[in-house]
Amino acid sequence: MPALSVQDLHVRIKDAQILRGVSWSVEHGQTLGIVGESGSGKSMTVLAATGLVGPPLAQVTGRAVLGAPHSSGRSSGGPDGPASATLPDGGGQDLLTLSPAGRRAVRGRRIGFVFQDPATSLNPILDVERQLTEGLEEHLGMTRRAARGRALELLEMVGIPDPERRLRAYPHELSGGMRQRVMIAIALSCDPDVLIADEATTALDVTIQAQIIDAVRDLQERLGTAVVWISHDLGVVGGLADEVVVLYGGQVVEQADVLTLFAQRSHPYTEGLFASRPRLGSAGGHLTTIPGSPPDPRSLPAGCVFYDRCTLRSDPRCATHRPELVPLAPGHLVRSFCATPVRDAPLDPEETA
Amino acid sequence: MAFVLRRVGHSLVVLLGVTVVVFALVHLVPGDPVRIAMGTRYDPDVYAALREASGLDRPLLEQYVAYLGSALTGDLGVSFRSGEPVTTILLSRLPATVSLAVAGLVVALVVAFPLGVYSALHHGKASDVIVRIVSQVGVSVPDFWMAMLLILLFSSTLGWLPPSGYVPLTEDPVEWARRVAMPAVTLGLVAGSIMTRYIRSSVLEVLGADHVRTAESKGLRERVVLGRHVVRNALVPVLTIVGVQLATMLGGVIVVEVVFAWPGLGRLVLDAVAARDYPVVQGAVLLVAAMFLLVNLVVDLLYARVDPRIKVSR
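Given the structure is predicted, the values throughout are model-derived calculations rather than measurements.

(A) Structural view of the packing of helix H5 (residues 86–121) of chain B against helix H12 (residues 265–274) of chain B. All names here are of chain B. The N-to-C vectors of H5 and H12 enclose an angle of 140 degrees; their axes lie 8 Å apart at closest approach. On the basis of their axis angle, the class for H5 and H12 is oblique. Between H5 and H12, the contacting residues are Ile89, Leu90, Arg93, Leu94 and Thr97 on the first element and Leu265, Arg267 and Leu268 on the second. Counted by class, the contact of H5 with H12 contains 5 nonpolar, 1 polar and 2 charged residues.

This is the structure in structure tokens:
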């Protein structure tokens, strides 16, 4: 069963429909990339799923199922098989039906977070030690002393030299890359099953960005953590993810494993994101952009939400009907009337059922 | 440590500047202090003798150095009116002012801290609106009017508290408390209203900060998130306003002291100015300036303690 799966997640803030039925899942040890431009709802899926955004501000419906811990060493067959047939959770817990205290106990313990700007996401007036140890004390009941020892290990693990000294440092005394490593150490402190990186490298220099990505990949291999990597940059996600979900206007518009998505991208929006990746050596220095802007979640168009910006629109239903997310090939889902199957393989009837 | 020394040195330089201004005061205002001190008993010989005795006939620079020298040894001259040493007069008034200022600050903090934090946490709700309206009224109400309302209620109508007067804290703490209550509340409600608004907006600002979301993402208890990551950060800028309020109250609050017959520095200065008792005015201004600097120094040092970024940026 997946480490974390989100099913039919809807989020409404006042009269704005931020998410409209988003589903995705990430397996233990795998990386899911969530891509989309600002306002596509990519951060909202994880914030709402984990209770960081919720009532009274936002109405959240759907399910966010956290799988059984990967360290428990259960086998995939046996009693788990029939159980998962009857129980849709298959032994996991739906975070959205948990009490706020229950969700709190999961955050930091089983789901770790790394946010965009390490300069502001660390508390400026607390030293690194305090910010690293407080989660350990809260979730693992460690004493301050034990937590300090663990904090030293964690700093070493994320590749911070001279951890003894860094432990006493304040965020402003560290470089941007170092701060983000501290954030990663915090996120991984309680050995979570899922690491959520929300634009974790966006605020960093390109070289630092690469180092952070390498560090996360390396740690994931060693710890077997599932990673949800959220980025507007398809290039970054392409280098990291096993599976990619492309969000637009609060819905998944394309989903596939990373190779398929890159080789056989079918949704015009994915194509636009692909074309607008900044690349070295691109002549002229101009970046390709997707013309237009994302739809206003307070007044969505009647037809396809990408209609205004679409380069393919040709189907008479485009302006009047909303396309469903349908399989184009096994494991490759697209929400468009106009996407053409790249390989002309017939659709497996079992997949469409 | 270097920061502390630098900051203390800074305060001393400012204090030196204050002595120049205070010294110049006597020589810039119209009217000859000795003549005024003699009043109707003017006699040219006595006048000349007094001028010589007080050094007023010597060059200004020499006078200033002499003034500074004696000020350093605690000699601030002699009151023209009573003939008492200014230092003695000031020290006799200081306990009343300090005890009232501290009591006023306590009232202000007791009011402002919970209300400000509560209001920010219930941002936009009816309770927040009520707190904001009440604090706006508190800021706007003149202190003499508030003082009179309190006297009418607690002294005239209910008869619980004496309407005015002062008993030193060291003599009778209970009587002191009974007498300090109304002036302290008067001061505290005004200062507290101002602080409430600052605390509210500061907490609100921090609540929206990224690091608070990080704290929530760690799954910390709400109490820990609020105490360690919200309120603590929010109080850093509030320290300044608390310092200013305390310094203002220490500087003597003339109206409140007059209304409650509180023998503090405010009334002393008022009387001294009216009587052109320059040595007393000089001494009081110097003392008030020194206290102001001291409060600011303490605030800055506290700042550096709670916010590690300060030491670097100065």
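(B) Main features of the sheet that holds strand E6 (residues 111–114) of chain A. All names here are of chain A. The mixed open sheet is built from 8 strands, whose spatial order is E6-E7-E8-E3-E9-E10-E12-E11. The open sheet has two edge strands with one neighbour each: E6 and strand E11 (326–329). Neighbour-to-neighbour, the strand axes of this sheet turn through a mean angle of 20 degrees, independent of strand direction. Its contacts with the sheet put helix H1 (residues 42–49) on strand E3 (31–35), strand E7 (194–198), strand E8 (226–231) and strand E9 (243–248), and the angle it makes with E8 is roughly 140 degrees.

(C) Examining unusual backbone geometry more closely. All names here are of chain A. For the peptide bond that leads from Pro55 to Pro56, omega is 0 degrees, which places it in the cis range. Relative to the helices and strands, Pro56 resides in the loop between H1 and strand E4 (59–66). Within the chain, Asp162 stands out as a residue other than glycine whose phi angle is a positive 55 degrees. Checked against the element boundaries, Asp162 lands in the loop between helix H6 (144–157) and helix H7 (163–167).

(D) Representation of the environment of Ala319 of chain A in the model. Residues and elements named next belong to chain A. Considering the arrangement of structural elements, one finds Ala319 in the loop between helix H12 (268–275) and E11. With 13 residues separating them along the chain, Ala319 and Phe306 place their C-alpha atoms 9.6 Å apart. Sequence-distant contacts of Ala319, defined by excluding residues within four places in its chain, comprise Ala302, Gly303 and Tyr307.

(E) Just the sheet that holds strand E5 (residues 93–94) of chain A, in detail. All names here are of chain A. With antiparallel pairing, the 4 strands of this open sheet are ordered in space as E2-E1-E4-E5. Each edge of the open sheet carries a strand with a single partner, namely strand E2 (16–26) and E5. Here 2 bridges tie E4 to E5, and the two strands are oriented antiparallel to one another. The residue of E5 that forms the bridge with Val65 is Asp94. Packing of H1 onto the sheet brings it into contact with strand E1 (4–13), E2 and E4, and relative to E1 it is tilted by some 105 degrees.

Rules behind the numbers
- Residues numbered from 1 in each chain as written.
- Chains lettered and ligands numbered in written order.
- Predicted model: local features only at pLDDT ≥ 70, side-chain atom pairs only at ≥ 80, totals over all residues.
- Heavy atoms only, no water.
- Axes fitted to C-alpha atoms, helices over the stretch in contact; angles between N-to-C directions.
- Helix = DSSP H or I, 4+ residues; strand = E, 2+ residues; numbered from the N terminus.
- Parallel < 35°, antiparallel > 145°, perpendicular 65-115°, else oblique.
- Contact = heavy atoms within 4.5 Å.
- Nonpolar A, V, L, I, M, F, W, Y, C, P; charged D, E, K, R; others polar.
- Pairing = 2+ DSSP bridges.

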